[in-house]
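# Overview (structure and organization)
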Amino acid sequence: MMKQKANIPWAAFWILWCLIIFVGCKKPDSSIGLGIQPVSEMFGVYTSDTLTVEMVTVREDSLSTARLSAAVLGRVFTPRIGWTTAGFATQLRLSAPGIDFGSNPQVDSLYLSLRFTGDTYGQLSDQSMLVQQLADSLSYDSAYYSNFSPEVTHDILNDLSQGQVSINPSQDLISGEDTVVKQIRLNMNPAFGQNILDQDTMVFQDNESWLNFFPGIVVSTMGDGVGAAGVDISSGLSLMRLHYHNDNDTSFYDFIISPLSARVNMFRQDYVGELSYLNTPPSDSAFVAGDQYLYVMSGSGLKTQLRIPYLNSITDSLGAERAVQKAELILPLDESFFDSRYPPHEQLFILTENPEGVSTSTPDQVSLGVNIDGNYNSSTKEYRFNISQTIQQLLNREAGFAYGNFSPEDPVPPLYIVSSRAGISIQGVVIRGTGVDMDRARLVLTCSH
């Protein structure tokens, strides 16, 4: 009897404990812009995934694409986004100065060899290429952008009778009886080669003299095929080779695309569907709403802009001593019409901008020991970004502190999700918008106070 009475307080204790757990785990109601719910009252930690984020798709500003290690050549249709056409302009430098082609040099053959990087985009088909001469030389130290449209001479330098060429790195290129290193090989007009051989030796005494005579080339697709390939334009492996003979010998000479060659990648976009509005927008502030879909496209294409209009509600709810434990931006891939032939980016970047509107790194990117992530997770089919320090500094700014070069009186800068290989690839991705019913683009914020 005594033992039975002793068990009654313990039973009451366990019933009370279960009630506390049940009530403590119940998710409270929250409104958009607030949504802070306790994770642990004991440690004062709160989390929210309902903070309002405003996300839209905007055109990418023209990107600096000078002096990059690779170019892209071809045209690709990315489903649900549109066409991207890519080419490049570059100098061809002397492989060795002071070349003397000898007595009575005659051209035997001339070709442009563009070494593949191995990267391909879209479905590959043979295409006709166009090589033209730059009217003016490029400058290695100048800034050139993806929308660069250089003036060219009227002469076409390559032999159009060659027809279409393969841009598939996995296909062998046969020259005579030999298999050569995988490359795009464009036959050049023999008359152009003979014109080079006919020049005075002073033209070849140094690169300055040579570039004054021949400023460089523009390489583009004529638009009769699809697909694009990466081209090496920095190692010296891409070159123009001139085979010739003179009264005494037969030889060849290379004009190379070297690390010192001034060069620029160029892209042109033609969007479809709801994005076609951005082909000729009424202003630079034009955007496509992100309730259903968000887009990121490389090649100076598209980026997603993000703003958090009610961020100061965190301070209103938790007080001025709040601290961001973790801020994670989650961007799920939209699989409605996913096509494995057009894989998503392996990684996206997140940027902000300075008071002059120039893209710059976020506080997380310049902090040691911070893993921002942004890699594509093929299992969950989403991108995740750690932007904890960025959100903390924005909260501090709302409380009257500076954010980077911004004073508290300046407008809050937006964040941008951009391609990680914006100037050397043609890839696009469609992300689920902020207004879809399930698995939407969202910011998960964990704070303490």
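Quick caveat, the model's predicted, so the values are computed rather than measured.

## Some points on the environment of Leu 92
Here Leu 92 is to be found in the loop between β5 (82-90) and β6 (93-94). Look at Leu 92 and you get buried, because its relative accessible area is 0%. Taking C-alpha positions, Leu 92 is 8.0 Å from Leu 211, a pair spaced 119 residues apart along the chain. Excluding its chain neighbours within four sequence positions, the residues that come into contact with Leu 92 are Trp 210, Leu 211, Phe 214, Ile 217, Met 240, Phe 255, Ile 256 and Ile 257.

## Some details on a nonpolar patch on the surface
On the surface, a nonpolar cluster with roughly 250 Å² of combined accessible area is contributed by Ile 156, Leu 160 and Met 222. Relative to the assigned elements, Leu 160 resides in the loop between β9 (152-156) and β10 (173-175).

## Remarks on the confidence of the model for the protein chain
Predicted confidence across the protein chain gives a mean pLDDT of 87, with 86% of residues reaching 70 or more. This stretch, residues 10-36, has a pLDDT under 50; its non-local contacts, to residues over four places away or in other chains, come to 27 contacts.

## A few points about the packing of aromatic side chains
The tally for this structure, following the rule as stated, stands at 12 aromatic pairs. Where Tyr 144 meets Phe 148, the ring centres are 5.1 Å apart and the plane angle is 55 degrees; that geometry is what we call tilted. Taking the relative accessible area as the measure of exposure, Phe 148 reaches 23% and is therefore partly exposed. Connected via pairs of aromatic rings, a cluster forms that spans Phe 101, Phe 192, Phe 204, Trp 210, Phe 213, Phe 214, Tyr 244, Tyr 253 and Phe 255. Stacked on the ring of Tyr 111, the Lys or Arg Arg 185 has its end atom at 4.0 Å from the ring centre. Sitting over the ring of Tyr 416, Lys 303 keeps its end group 4.2 Å from the ring centre.

## Regarding the side chain of Ser 419
The residue Ser 419 is located in strand β26 (residues 415-419) in this model. On the basis of relative accessible area, Ser 419 is assigned to the buried category, the value being 5%. Here the side chain of Ser 419 touches His 345 through a polar contact of 3.4 Å, side chain to side chain. Setting aside anything within four residues of it in sequence, one finds Ser 419 in contact with Val 296, Ser 298, His 345, Leu 348, Phe 349 and Ser 425.

## What to know about the environment of Val 107
Structurally, the position occupied by Val 107 is in strand β7 (residues 106-121). It is 6.1 Å that separates the C-alpha atoms of Val 107 and Gly 193, two residues lying 86 residues apart in sequence. In contact with Val 107, other than residues within four places in its own chain, are Pro 190, Gly 193, Gln 194, Leu 197, Leu 242, His 243 and Tyr 244.

## Quick word on the pattern of salt bridges
The tally for this structure, following the rule as stated, stands at 11 salt bridges. A salt bridge links Arg 421 to Asp 119, with the nearest nitrogen and oxygen atoms 3.0 Å apart. Of this pair, Arg 421 sits in the loop between β26 and β27 (428-432) while Asp 119 sits in strand β7, and the two are 302 residues apart along the sequence. By relative accessible area, Arg 421 is classed as partly exposed at 28%.

Calculation notes
- Residues numbered from 1 in each chain as written.
- Predicted model: local features only at pLDDT ≥ 70, side-chain atom pairs only at ≥ 80, totals over all residues.
- Heavy atoms only, no water.
- Helix = DSSP H or I, 4+ residues; strand = E, 2+ residues; numbered from the N terminus.
- Buried < 20%, exposed > 50% of the residue type's maximum accessible area, 1.4 Å probe, protein only.
- Contact = heavy atoms within 4.5 Å.
- Patch = residues over 30% accessible without salt bridge, like charges linked within 9 Å, V, L, I, M, F, W, Y side chains within 5 Å.
- Areas by Shrake-Rupley, 256 points an atom, 1.4 Å probe, with all protein chains shown as cover.
- Salt bridge = Lys/Arg side-chain N within 4 Å of Asp/Glu carboxyl O.
- pLDDT = per-residue confidence, 0-100.
- Phe/Tyr/Trp six-rings, centres within 6.5 Å; stacked < 30°, edge-to-face > 60°.
- Lys NZ or Arg CZ within 6 Å of the ring centre and 35° of its normal.
- Polar contact = N/O pair within 3.5 Å; in protein donor to acceptor, adjacent residues only side chain to side chain.

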